Protein chains: 2
Amino acid sequence: MRMSKLLLRTLRDAPADADVEGHALLVRGGYVRRLVSGVYTFLPLGWRALHKIESIVRQELDGVGMQEMLMPALSPYELWEESGRSAFFGQDALPAMTLQARGGRFVLGPTHEEVCTHTVGAEIESYRQLPLTVYQVQTKFRDEARPRYGLLRTRELVMCDAYSFDADKPAMSASYQAAVAAYLRIFGRLSLEVVPVVAQSGAIGGDVNHEFMVPSVVGEDHFVRCSTCDYAANVEAAETRPPDAGTPAPGAPPGSPVAHETPGCPGIAGVVAFLAEEGESFEAADFLKCVAVLDADATPTIILVPGDREARLPHGWRLFEEADFAAHPELIRGYIGPMGRRGTGVRVVADVSVGGRPGPWVTGSNRVDAHVSGVWLERDFTVDEWGSFVGAGEGDRCPSCDGTLSLVRSVEAAHTFQLGLKYSSVMTGGTFLNEEGTEVPMWMGCYGMGMSRLLAIVAEEHHDEAGLLWPLAVSPYAVHLVALGAGRSPAVAEATEALYAALSTLGVEVLYDDRDVSPGVKFADADLLGFPYRVLVGGKGVARGVAEVRQRAEGSDRELPLAEAAALLATEISAQLL
Amino acid sequence: MRMSKLLLRTLRDAPADADVEGHALLVRGGYVRRLVSGVYTFLPLGWRALHKIESIVRQELDGVGMQEMLMPALSPYELWEESGRSAFFGQDALPAMTLQARGGRFVLGPTHEEVCTHTVGAEIESYRQLPLTVYQVQTKFRDEARPRYGLLRTRELVMCDAYSFDADKPAMSASYQAAVAAYLRIFGRLSLEVVPVVAQSGAIGGDVNHEFMVPSVVGEDHFVRCSTCDYAANVEAAETRPPDAGTPAPGAPPGSPVAHETPGCPGIAGVVAFLAEEGESFEAADFLKCVAVLDADATPTIILVPGDREARLPHGWRLFEEADFAAHPELIRGYIGPMGRRGTGVRVVADVSVGGRPGPWVTGSNRVDAHVSGVWLERDFTVDEWGSFVGAGEGDRCPSCDGTLSLVRSVEAAHTFQLGLKYSSVMTGGTFLNEEGTEVPMWMGCYGMGMSRLLAIVAEEHHDEAGLLWPLAVSPYAVHLVALGAGRSPAVAEATEALYAALSTLGVEVLYDDRDVSPGVKFADADLLGFPYRVLVGGKGVARGVAEVRQRAEGSDRELPLAEAAALLATEISAQLL
């Protein structure tokens, strides 16, 4: 491809919507463009990289015997009522877009368990047809409240989702292992270090599931990893161990809490900073964090955890949203305290760690713009139920050995679920005739990875200040061929054209910078676009019969004879792609 | 692929939703499944065929220098207001699905002129970046009132749409010609006979445009073709020549129309048949067809044309829909007559051919379940405006020579438009700096073909009673390998396995029927699935060291030595795919 013909406009500055470095480079390098918040166009370079990821995924999934198909984005609302998941629409866990059209009420699939069980399940009549795993590369839609991190959290995304159908639980487990093995090979080919961690199943359901996490400083998730054994789990899924018994905590002194005016400080960090300026010294751990949620029965509930820990919501619970706060004016967002709740219809639950240290706490005052300190358990507030409500954190004890957990910031590259009978037992089409001729539900698994998300993760993990550093398998082109001063030197022009032709003939994907711009602009664009091989043809080199080859990621330079450069590069590149 | 593992359930009977033969076979052969009306899943065989079409399209479009990209399905409603096309939403010409979500009001793109002008246009700053043609293979959504003909008219479809950007009109024309040439090569590779016809531009706009029509007995469209010259045009776009002057028509006799009770006969054909049973002999040509429409100013209007001709609507007019009839109870669907309209606010327009024959006509009586005969122009009704309101038809005179037009039933395989400045002159991003440094709008073209629609057309054009007859380039597999009696004969099993392995090693795509079912079932499925080569391995053949090869479409049979069969077939097949 000649760069003079390519739809490509590189940008000097990072755009406003680029909140992470990899995404800023994808935008600056002309790979993607935002249409509106959370909705992106892949320009030709971005499309090529995306397509390479898709091809790798297809090869590896085909390799374990999965069969590709294509389900529609539109699905009838009734299917989601059948599974019961329409009840979760609008929540963060299942932010489905829906629409009313001539054909009825449709859901724009954020995931395809319902459609797949209904459609593929209906094709399966007998145990002889099992096991079966199908997959698709297809566009998903999510009504995200806050799209962010570029392609990491979008409203429309290209996803590869797979679904396995099995006759019994051990067979489901075998299909699951095969899918996980294929996933790990995919991540390897994408040059991503991925840690499978035990996770909560959330809105998808099922018993066993794993998130495939890439440790990353820009991650929006965290997982905990043991320093001693190989335990790794999502913060919310990790089983925390109750604190050691230790010395009994002292009882509450006489007296009552002290009020502090904290105007416009709804977060703990803000209150700590504000009070510090007022001369009052507290740490986040001195605070009692009060999180308003609806429990699984939709009862308004406050969860109490120490201010330096994250609250962990049990399955089926969810955070208060705008409408919930409006319905409960007695719970003032940012200023909630646990005092005076008995008999009000708002439950108070607390992590066991709060019981180990009954006071003094700093917490919300239940009026706007004020907090209180010197708050004590039993004296000032009571707890309706104790439990494990704290997410695992840095320094916690490993639940499976005596090691210490560390908290790893990370992004999710994929998620796999052993669904069991969750969908097959409730949806039409979910059953088959087993060897005894009895109609029983199939054991299912599902497996999802975002293609556009993987592109973003690769960009995030492989870049430097100057630009992207694509792994060869993902790079839109293998070689960035740069002619220097071809306008002034017919010899340079001729040598570069010949090298371009030779590389193309040998099947090497090459972008040829034939533009009439300065060497500085060409070098900057080559660094920004970030293909693995930069090949330079200039006057001095041509005089000596050589081209300069730089491997961008390794930072290594060497010279190759012009006459042999194409063949040598083709051999070197194809050897890496095997 | 082993058939015992393939997700495939063939059906003995055509499903209820199969209104055309090709689609019935796609469903019976396990290629596609309907989720709801107009929404389909591609099962593995269907996906493979679809993917082959996509690959051919990509090769040919890349071959003329187009660049692939990927735009989102979600687009902001504001973009469609900017182009002015939101005014057409809900009409048959632009049945867009829209939805309200957290990010605002979105349109699910039925086409991408707006998004492409906005996004790609914004990347183009200078004439140096032109010409440029981009394309995408992407999912489109259409809020069809009546999905039908299987994959031909659906609510969700995979489409390839391309957009060209040029500096001036001659350059636009050159880009257009290049795209048309690529399209014709694509149809050739898909074994489709396609006629480019001049068409109306409809909701897309622009001056010059062509439909690529496949003559087909199941077509939902018609075009006219001259028997003498190469003139071909869409029925609505064809310029009809006014009828020869001839003898002046006689004036109306005294008297008045005669009423006929025609209960439950809203169509002309039905009325003709009903009255024939009553002993009254009329032909369709005796009827005055009254078509209720809204003209470009949304004035309710009746178009009068002879009953044996189709009405042609001028650009911007549209047929009455349910709501329009409800708003105008004086226009009774199926029983509209032109009498008594003066001063009622309903305009009456008529084709000039009606003026050539003022009476007697049969027409609607303006009351339910009755028609009238003996109706005369001027005596019984008046016309507010005369024009050319008849679509071209069988036997009309060719507008470009003295030949005769014939009407060809057909399906549309693709549509191309020279858009000119329609979008670039009104949308942000539509301009560039020309060589003089002046900001001017780009000259655009757009080109669309449905991938799933092409699959349906190929199936429709290539089948017999027993099943599909895929062209090699589209067939999911090249070879259908059938083992006969492998369960009883280890020699057959061994020979078939060896042939399967040899073919696979040589890169031949082969589906191996290794199932333990009767020869009859295997033959019927092979015929139904319709791959070009059926290779049979049976006991007698193995004893003689041969396999039987049938070329399904040609109906030719031959024997090949088992030891050489794989190599011979591989050579023969790859030669055809070059």
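Residues numbered from 1 in each chain as written. Chains lettered and ligands numbered in written order. Predicted model: local features only at pLDDT ≥ 70, side-chain atom pairs only at ≥ 80, totals over all residues.

Regarding its fold elements, chain A presents 13 helices and 29 strands. Projected onto its principal axes, the C-alpha coordinates of chain A cover approximately 95 × 75 × 55 Å. Going through the 578 residues of chain A one by one, you find that 46% of them count as buried. Looking at chain A alone, contacts between residues at least 24 apart form 71% of all its contacts between residues at least 6 apart. (Helix = DSSP H or I, 4+ residues; strand = E, 2+ residues; numbered from the N terminus. Buried ≥ 20, exposed ≤ 12 C-beta atoms within 10 Å, placed from the backbone. Contact = placed C-beta atoms within 7 Å.)

Residue and element names in this part refer to chain A. Taken across its 8 residues, helix α1 (residues 21–28) has 6 buried, putting it largely inside the fold. For α1, the set of buried residues is Gly-22, His-23, Leu-25, Leu-26, Val-27 and Arg-28. Elements in contact with the buried residues of α1: β1 (32–36), α2 (44–63), α9 (451–461) and α11 (519–529). Phi turns positive, to about 70 degrees, at Gly-30, one or two residues after α1.

The subject of this paragraph is the confidence of the model for chain A. Per-residue confidence for chain A gives a mean pLDDT of 92, with 97% of residues at or over 70. Scored by ipTM, the complex comes to 0.86, with pTM at 0.86. (pLDDT = per-residue confidence, 0-100.)

All names here are of chain A. For the peptide bond that leads from Leu-130 to Pro-131, omega is -5 degrees, which places it in the cis range. Even without a glycine there, the phi angle at Glu-378 is positive, about 75 degrees. As for its position among the elements, Glu-378 is in the loop between β19 (370–375) and β20 (385–387).

A few words on helix α13 (residues 562–577) of chain A. Residue and element names in this part refer to chain A. Compared with the 22 Å implied by 1.5 Å per residue over 16 residues, the 23 Å span of α13 between its first and last C-alpha is a close match. When we look at burial in α13, the residues that qualify are Ala-565, Ala-566 and Leu-569. Seen along its axis, α13 keeps its buried residues to an arc of 90 degrees; they face one direction. Opposite its buried face, α13 presents the exposed residues Leu-568, Thr-571 and Ala-575, each directed more than 90 degrees away. Where α13 is buried, its residues meet β25 (479–483), α10 (490–505), β27 (533–537), β28 (546–551) and β29 (556–561). (Expected span 1.5 Å × (residues − 1). Arc of directions from axis to C-beta.)

Before going further, it helps to spend a moment on the relation of the copies chain A and chain B. Overlay of chain A on chain B (RMSD 0.4 Å): rotation 180 degrees, translation along the axis 0.0 Å. Both chain copies can therefore be described as sitting about a two-fold axis. Among all C-alpha atoms of chain A, that of Leu-99 of chain A lies closest to the rotation axis, at 2.5 Å. Residue by residue, 100% of the interface of chain A is reproduced at the interface of chain B, so both copies engage with the same surface. (Least-squares fit on C-alpha atoms with pLDDT ≥ 70 in both.)

This part covers the pairing of strand β21 (residues 405–420) of chain B. Each regular strand displays side chains that alternate between the two surfaces of the sheet. Residue and element names in this part refer to chain B. Counting buried positions along β21 gives 12 out of 16 residues, so the element sits mostly inside the fold. Judged from the 8 bridges that link them, strand β10 (residues 208–215) and β21 form a sheet pairing that is antiparallel. Counted as the bridge partner of Val-208 is Gln-418 from β21. Across 6 bridges, the pairing between strand β11 (residues 221–226) and β21 is antiparallel. (Pairing = 2+ DSSP bridges.)

Contact residues are listed per partner, giving 43 residues for chain A and 43 residues for chain B. Elements with a contribution of two residues or more to the side of chain A that touches chain B: β1, β2 (39–42), α2, β3 (67–68), β4 (74–76), β5 (97–101), α4 (113–123) and β7 (132–141) of chain A. A per-class count over the side of chain A that touches chain B returns 24 nonpolar, 9 polar and 10 charged. (Nonpolar A, V, L, I, M, F, W, Y, C, P; charged D, E, K, R; others polar.)

Let us look at the environment of Gly-530 of chain B. All names here are of chain B. Mapped onto the elements, Gly-530 comes out in the loop between α11 (519–529) and β27 (533–537). Each C-alpha atom of the pair Gly-530 and Ala-162 lies 32 Å from the other, and the pair is 368 residues apart in sequence. Once you skip the residues sitting within four places of it in the chain, Gly-530 turns out to touch His-463, Gly-467, Leu-468, Leu-469, Trp-470 and Arg-552.

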